[in-house]
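Observations on the model geometry
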Amino acid sequence: MAALIFMLVPWFALAIGGLIAMFRPPSDTFSASTQHLAAGVVFAAAATEVLPDLTHQGSTAAILIGGGLGLLAMFGIKQLGKYLKGGWSLIILIAIDILVDGVVLGIGFAAGARQGLLLLVALTLEIFFLGLTAAEELKETLKTPLKVFLGLFLCGLLLPLGSLLGAPVHTLPPFYQGIAFAFALIALLYLVTEELLVEAHEKPDSPFITSMFFVGFLGLLALESAVPAG
């Protein structure tokens, strides 16, 4: 139940990002900086909150199976984006992306409140940026700001749904928990390497923009050290 309540935070971030993009589109510098910052935070969350739980499972088979499923899912979504045509295909892809984020958050909260909260911080930043970029692209399809906002709002419904799918992980045997953690790890790393950073490098670069990755990475590490374990 707590995880479902916390889903309101990234859902709110999605809406705020969409509203900003609709009424005051961000500059390339702001977008690239936000992407680097989010990438650093997500990478730190993957390394500190998901990877330790995965390695503690001690099952090579679980790692390979979960990692393989994660790769298939991520590349499958990418291929789906190439085959879908028309403006509504973007909404479908946004919905799938948000559903996967919800599943990862559900898995994180299944591992523990601390892990879940730190993953929540990381993915809230990513979802905020998703709202920024998606709103700009959806304007071409949905035309009016109200329709764009409603489209993002409805896509956000998949956050709690995904969380519900990931939440039962803690009731599974350790082997299957390992599969779930490996899937979550690959999803997070794919988000960093193939989405956030790839898109960020399509814009003008500078030492300041690049440094935001490390600001995000070190910021989450500092937050982790400040949050008591257990």
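Residues numbered from 1 in each chain as written. Predicted model: local features only at pLDDT ≥ 70, side-chain atom pairs only at ≥ 80, totals over all residues. Heavy atoms only, no water.

Quick word on a nonpolar patch on the surface
Quick note on the threshold: Patches here: salt-bridge-free residues with over 30% relative accessible area, like charges joined within 9 Å, nonpolar side chains (Val, Leu, Ile, Met, Phe, Trp, Tyr) joined within 5 Å. All accessible-area figures derive from a Shrake-Rupley calculation using a 1.4 Å probe, and residue coverage is judged against the displayed protein chains alone. In the sections that follow, a salt bridge refers to a side-chain nitrogen of Lys or Arg positioned within 4 Å of a carboxyl oxygen of Asp or Glu. A run of H or I in DSSP counts as a helix once it spans at least four residues, and a run of E counts as a strand once it spans at least two, with each numbered from the N terminus.
A surface patch of nonpolar side chains, about 560 Å² in accessible area, is lined by Ile65, Leu69, Leu72, Leu172, Phe175 and Tyr176. Put simply, the parts of the chain that give the nonpolar patch at least two residues each are α4 (60-83) and α9 (174-200). Looking at the nonpolar patch, the element that brings in the most residues is α4, giving 3 residues. Mapped onto the elements of the fold, leucine 72 is located in helix α4.

So, a negative patch on the surface
Counted only if it meets this: We score Asp and Glu as negative and Lys and Arg as positive, and we do not count His or the chain ends. Where a charge lies is defined by one atom per residue type, namely NZ (Lys), CZ (Arg), CG (Asp) and CD (Glu).
A grouping of Glu136, Glu137, Glu140, Glu199 and Glu202 is seen on the molecular surface, where their side chains present a negatively charged patch. For the negative patch, the element with the most residues is helix α6 (residues 113-142), which contributes 3 residues.

Examining the packing of helix α3 (residues 28-57) against α6
For clarity, the cut-off: Where helices are involved, their axes are fitted lines through C-alpha atoms of the stretch in contact, as for all axes, and angles between N-to-C directions lie from 0 to 180°. Our angle categories are set so that under 35 degrees counts as roughly parallel, over 145 as roughly antiparallel, 65 to 115 as roughly perpendicular, and the remainder as oblique. Crossings are classed by handedness, with left-handed meaning an anticlockwise turn of the near helix from the far one by less than a right angle and right-handed meaning a clockwise turn. Any two residues having at least one pair of non-hydrogen atoms within 4.5 Å are treated as being in contact. Amino acid classes used here: Ala, Val, Leu, Ile, Met, Phe, Trp, Tyr, Cys and Pro are nonpolar; Asp, Glu, Lys and Arg are charged; the rest, including Gly, are polar.
Look at α3 against α6: their axes get within 9 Å of each other, and the N-to-C directions meet at 155 degrees. Taken together, α3 and α6 sit at an angle that is classed as roughly antiparallel. The interaxial crossing formed by α3 with α6 has left-handed handedness. Where α3 abuts α6, its residues Phe30, Ser31, Thr34, Gln35, Leu37, Ala38, Val41, Val42, Ala45, Glu49, Val50 and Asp53 lie against Arg114, Gln115, Leu118, Leu119, Val121, Ala122, Leu125, Glu126, Phe128, Phe129 and Leu132. Broken down by class, the residue content of the contact of α3 with α6 amounts to 15 nonpolar, 4 polar and 4 charged.

As for the packing of aromatic side chains
Keep this limit in mind: For Phe, Tyr and Trp, where Trp contributes only its six-membered ring, two rings pair if their centres lie within 6.5 Å, and the inter-plane angle classes them as stacked under 30 degrees, edge-to-face over 60, or tilted in between.
Summed over the entire model, instances satisfying the criterion amount to 7 aromatic pairs. When the ring of phenylalanine 6 is compared with that of phenylalanine 109, the centres are 5.5 Å apart and the planes differ by 10 degrees; the resulting orientation is stacked. Of this pair, phenylalanine 6 sits in helix α1 (residues 2-6) while phenylalanine 109 sits in helix α5 (residues 88-111), placing them 103 residues apart in sequence. For the pair phenylalanine 43 and phenylalanine 217, a centre-to-centre distance of 5.8 Å together with 40 degrees between the ring planes defines the contact as tilted. Note that phenylalanine 43 is positioned in helix α3 and phenylalanine 217 in helix α10 (residues 207-226), a separation of 174 residues in sequence.

Some thoughts on the packing of α4 against α9
In contact at an axis separation of 7 Å, α4 and α9 are set at 40 degrees when each is read in the N-to-C sense. As summarised for this structure, α4 and α9 are arranged oblique, according to the angle between their axes. Between α4 and α9 lies a crossing of right-handed hand.

A few points about the pattern of salt bridges
Let me state the cut-off plainly: Between buried and exposed lies partly exposed: a residue is buried under 20% and exposed over 50% of the maximum accessible area for its type, with that area taken using a 1.4 Å probe on protein chains only.
Summed over the entire model, instances satisfying the criterion amount to 1 salt bridge. Note that lysine 78 and glutamate 194 form a salt bridge whose closest N and O atoms lie 4.0 Å from each other. Here lysine 78 is found in helix α4, whereas its partner glutamate 194 is found in helix α9, with 116 residues between them in sequence. Given a relative accessible area of 39%, lysine 78 falls into the partly exposed group. Classification of glutamate 194 as partly exposed rests on a relative accessible area of 37%.

A word on α10
So the rule is basically this: Here, expected helix span is obtained from the residue count minus one, scaled by 1.5 Å.
For α10, spanning 20 residues, the distance from its first C-alpha to its last is 28 Å, which sits close to the expected 28 Å at 1.5 Å a residue. Buried within α10 are the following residues: Ile209, Met212, Phe213, Gly216, Leu220 and Glu224. Close packing links the buried residues of α10 with α3, α6 and α9.

Some points on the side chain of glutamate 126
Tracing the backbone shows glutamate 126 in helix α6. Notably, glutamate 126 is buried but unbridged: the nearest opposite-charge side chain belongs to lysine 203, and the N-O separation is 13 Å. Not counting residues up to four positions away in its chain, the partners in contact with glutamate 126 are Ala38, Val42, Asp97, Asp101, Leu191 and Leu196.

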